[in-house]
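Read off the chains here:
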Amino acid sequence: MTTQSSSGGDFTSNLGRVYAIYTGSFLGFVVFIWLLEKLGVPNIYLGYLFVAFTIGVYALIGYISRTMQVSEYYVAGRKVPSFYNGMATAADWMSAASFIGMAGTLYALGYDGLAFILGWTGGYVLVAILIAPYLRKFGAYTVPDFLAARFGGNAARLCGILVLMACSFTYVVAQIVGTGLIGARLLGMPFELAVFVGLVGILVCSMLGGMRAVTWTQVAQYIVLIIAYLVPVMILSTQKFGLPLPQLTYGSVLSEIATREAALGVPAASSHVAPFTRYDPLNFFGLILCLMVGTASLPHVLMRYFTTPSVREARSSVAWTLLFIFILYFTAPAYAAFAKLEVYTNVIGQPLSAVFSNPELGWMRSYGRPGLALMTLCGAPIDTLQATLAACSKIGIANVTEATQITLRMFAIQNDAIVISTPEIAGLPYVVAGLVAAGGLAAALSTADGLLLAIANALSHDIYYKMINKDASTAKRLVIARVLLIIVAILAAWVASTRPDDIVAMVAWAFSLAAAGLFPALVLGIWSKRVNQQGAVAGILAGFFVTLVYLVVTRYYPWFGVEYLGMYSNKNPVTGANLVDLAKLKAENAALYFQSVVPLSHPMANRVGWFSVSNISAGLFGLPVGFIVMYVVSLMTPAPSSELQKFIDEVRRPRGKTMMEEKA
Amino acid sequence: MSENTDRHWQRTSTLMWTMLALWAFFSFIIHFFVVPLNAIRIAGFPLGFYMAAQGSLIVFVAMLFWFSKAQDKIDREEGVAEDE
């Protein structure tokens, strides 16, 4: 089977040196671009250089890591040290949304946005204590594979594949849309071209070397993305406080924000640090739970822990993962705070004319320009003074003149804009903006790689090899795996090129679906000897479909939920009033009330439900249903066979061989 | 050292429940008290905000490194640890 001599040994023993040189070269490259900028090379070329250089490096790593061995292709030969697997998993985990959108979410939501910070970190505690070490001991290639082995049959495998597909496909499409947006917004590329670049970037990383290549490019991508995330806000912090530690200095920023908010007449109850202004406590804590449990169930994350050399390293690897994720997530609230103070200080209270004359506010015009409109004044893109004055009159602001001061109500900034525009707001050279673009691209590509591999491996390993052709030769399996990978990638890129707004919003669904569909089966599969195949299948399907129905009905068929499922209007978290008066709407505009497949702007979309639980916390219903159904059905049916009992004992015991080692 | 699978699993479960309790405390319970905690300010940070933005996260990271050591100790003492 050794058709290619394993160069992995040499490489893994020199990892420290290889990545130190890589990091040094990347920093050198950034300095080189900065010099080019000083020499007057136009920004657009600098941006393309950034993209070409980073994707070129990923492609090179992908090519060097090519392999013809099944275990290298699926689990990187189980040779990835825990430290590096931690880095790769962190890149795998942090998506375009984390990189570009997180700080903006915190800017908009204040304290309530921290539910995302908590939810997307604390989940790793569950991964480490409940799941990852045991999956590593089992050792096969995919999460559905584990379900099939533990519950003894392909029914559990198919259920696993169903959930995996449902949560991974929309997610990978969103990443490719992310590359398109980053290319379009930061580098001025046409959206479709940027999507194509994204597709190429993903395929060069994953096709030749599978998991092995994805692992080593993800490590490289983590280094790029974390440098790109930290540099701008560290410079901001240094400018303001002389200390490049924004995570510490933004305490003072929060104090200043509070002072400004008081001066601007923002009620204390809706200040930046006040809790439960956007989410009521049930939704806040429900969201944290869904995100945490979802994190602990997402197949593309869990499969990374198959790649460590031992169970022991799988555990420490989760700790490293969380540390590397933590570095970005504890910086995001600082980003949000610095941006908010900047807006309160330099935008609010300025006369409208300043936006069009003051060079220090040039960034408002560049990010607010029509066609981009990441920032708006009075709900309109920032184009000319006349247009802005007209827009402000239109939304009912009386006596608008060019001397009218900008208020909080007039200025709006999109979530995505915070990270993207920070370099320019701080007056930093373009090279920093290019760096941010490269970082966002790294975040999107690394996540897309992992997801794509999870999907393609489920098709090639679980469906083709385990269910259709058990006698397939190694060569044939690897060809099939690559063909499927390319097909799925092209399909995802094609969906992404249609700019599906809905799909991007659906990413949040993946966490609830994974939580309700997979978590009970994984946890009870390891921690209970009583749960059997019947229970697992029933529990997975029940949890998954309860969640799916809640998501689809509240988003697309709200009238059906109200009429037949006992749903009612969600409440405003502060006043407790109904968000929508259903009886009145039904009486006055029945056509609107009974509309199906409603757009997001529909008054009832995402505004009805049970107990005021919002759409993104749907797992709150599916998760308990999944656990209860799984356990009760198991108790009503015979206990697992003694062979399966032995299997569980073996999974729990670190010593001994990896259970599903491929025979070479 | 001789192998003791039952005791190993019992000690592993105890560690799991301990970790789970800590997890629940720092994920949920401490944030129930965000309003009173926000009255306390440290280096400009209202404490309730700080716990959600950094405090709990630091605890999670520390917990996982400690857990990985503690579980390894259990594995070794009960004779089920992997060979180096």
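Residue indices begin from 1 for each chain and proceed along its sequence in written order. Chain labels run from A onward and ligand labels from 1 onward, assigned in the order the entries are written. Confidence filtering applies because this is a predicted model: local features only for residues at pLDDT of at least 70, side-chain atom pairs given and counted only at 80 or more, and all residues used for totals across whole chains, interfaces and linings.

Attention shifts here to the interface of chain A and chain B. Contact between residues is assigned whenever the C-beta positions, reconstructed from backbone atoms, fall within 7 Å. In this assembly, 38 residues from chain A lie in contact with 35 residues from chain B. Mapped by element, the contributors of at least two residues to the side of chain A that touches chain B are α7 (114-138), α12 (246-263), α13 (281-295), α15 (311-329) and α29 (642-652) of chain A. Among the elements that make up the side of chain A that touches chain B, the one with the highest residue count is α15 of chain A (ten residues). Across the side of chain A that touches chain B, the residue classes tally to 24 nonpolar, eight polar and six charged. Secondary structure counts use DSSP, requiring at least four H or I residues in a row for a helix and at least two E residues in a row for a strand, with both numbered from the N terminus. In the scheme used here, Gly and all other residues not listed as nonpolar or charged are polar, with Ala, Val, Leu, Ile, Met, Phe, Trp, Tyr, Cys and Pro taken as nonpolar and Asp, Glu, Lys and Arg as charged.

This paragraph deals with the packing of helix α6 (residues 96-109) of chain A against helix α20 (residues 417-425) of chain A. Residues and elements named next belong to chain A. One way to put it is that α6 packs onto α20 with a least axis distance of 6 Å and a crossing angle of 95°. As summarised for this structure, α6 and α20 are arranged roughly perpendicular, according to the angle between their axes. Facing α6, whose interface residues are Phe-99, Ile-100, Ala-103, Gly-104 and Tyr-107, α20 presents Ala-417, Ile-418, Val-419 and Ile-420. Of the residues that constitute the contact of α6 with α20, the class distribution is eight nonpolar, one polar and no charged. Working convention: axes come from line fits to C-alpha atoms, limited for helices to the stretch in contact. Angles between N-to-C directions cover 0 to 180 degrees. Angle categories are assigned with fixed cut-offs, so that under 35 degrees is roughly parallel, over 145 is roughly antiparallel, 65 to 115 is roughly perpendicular, and the rest are oblique.

Another point: the sheet that holds strand β2 (residues 380-381) of chain A. All names here are of chain A. Taking strand neighbours across the sheet as the criterion, the three strands line up as β2-β1-β3 in an open arrangement whose pairing is antiparallel. Each of the sheet's edge strands pairs with one partner strand only, and the pair in question is β2 and β3 (411-413). A pair of strands is treated as paired once DSSP finds two or more bridges between them. Of the strand pairs in this sheet, strand β1 (residues 375-377) and β3 are connected by three bridges, and their pairing is antiparallel. Residue pairing for β3: Leu-377 is matched across the bridge by Phe-411.

All names here are of chain A. By the secondary structure assignment, Met-364 is in helix α18 (residues 362-368). Note: C-alpha distance between Met-364 and Asp-383 (19 residues apart in sequence) is 9.7 Å. Discounting residues that sit within four places of it in the chain, Met-364 has contacts with Val-355, Met-375 and Ile-382.

This part covers α20 of chain A. Three classes are used. A residue is buried when 20 or more other C-beta atoms lie within 10 Å of its own, exposed when 12 or fewer do, and partly exposed in between, with C-beta atoms placed from the backbone. Burial analysis of α20 of chain A places eight of its nine residues in the buried class, which makes it a mostly covered element. For α20 of chain A, every residue scored as buried is listed here: Ala-417, Ile-418, Val-419, Ile-420, Ser-421, Thr-422, Pro-423 and Ile-425 of chain A.

Okay, the nonpolar core next. If you look at the biggest cluster of nonpolar residues, it comprises 252 residues, and the most contacted ones within it are Leu-225 and Leu-452 of chain A together with Leu-64 of chain B. If one sorts the elements of this core by residue count, helix α21 (residues 430-468) of chain A sits on top with 21 residues. Connectivity within a nonpolar core runs through C-beta atoms within 7 Å, and the core itself is a set of buried Ala, Val, Leu, Ile, Met, Phe, Trp, Tyr and Cys residues.

Turning next to the confidence of the model for chain A. In regions of low pLDDT, the predicted coordinates are not meant to be interpreted in detail. This prediction gives chain A a mean pLDDT of 90; 98% of its residues lie at or above 70. Overall, residues 1-8 of chain A carries pLDDT values under 50, and its contacts beyond four positions in sequence, including any with other chains, amount to eight contacts. The predictor's confidence in any single residue is recorded as pLDDT, a number from 0 to 100.

As a further point, take the packing of α6 of chain A against α21 of chain A. Residues and elements named next belong to chain A. Taken N-terminus to C-terminus, the directions of α6 and α21 make an angle of 130°; their axes are 6 Å apart at the nearest point. Put simply, α6 runs oblique to α21. Residues Ala-96, Ser-98, Phe-99 and Ile-100 of α6 form the contact with α21, whose own contacting residues are Gly-439, Gly-440, Ala-443 and Ala-444. Class assignment for the residues of the contact of α6 with α21 results in five nonpolar, three polar and no charged.

Attention now moves to the confidence of the model for chain B. All names here are of chain B. Per-residue pLDDT for chain B has a mean of 93; in total, 98% of the residues score no lower than 70. For chain B, per-element mean pLDDT is lowest for strand β1 (residues 41-42), which scores 89, and highest for helix α3 (residues 47-77), which scores 96. With pTM at 0.93, the complex prediction returns an ipTM value of 0.96.

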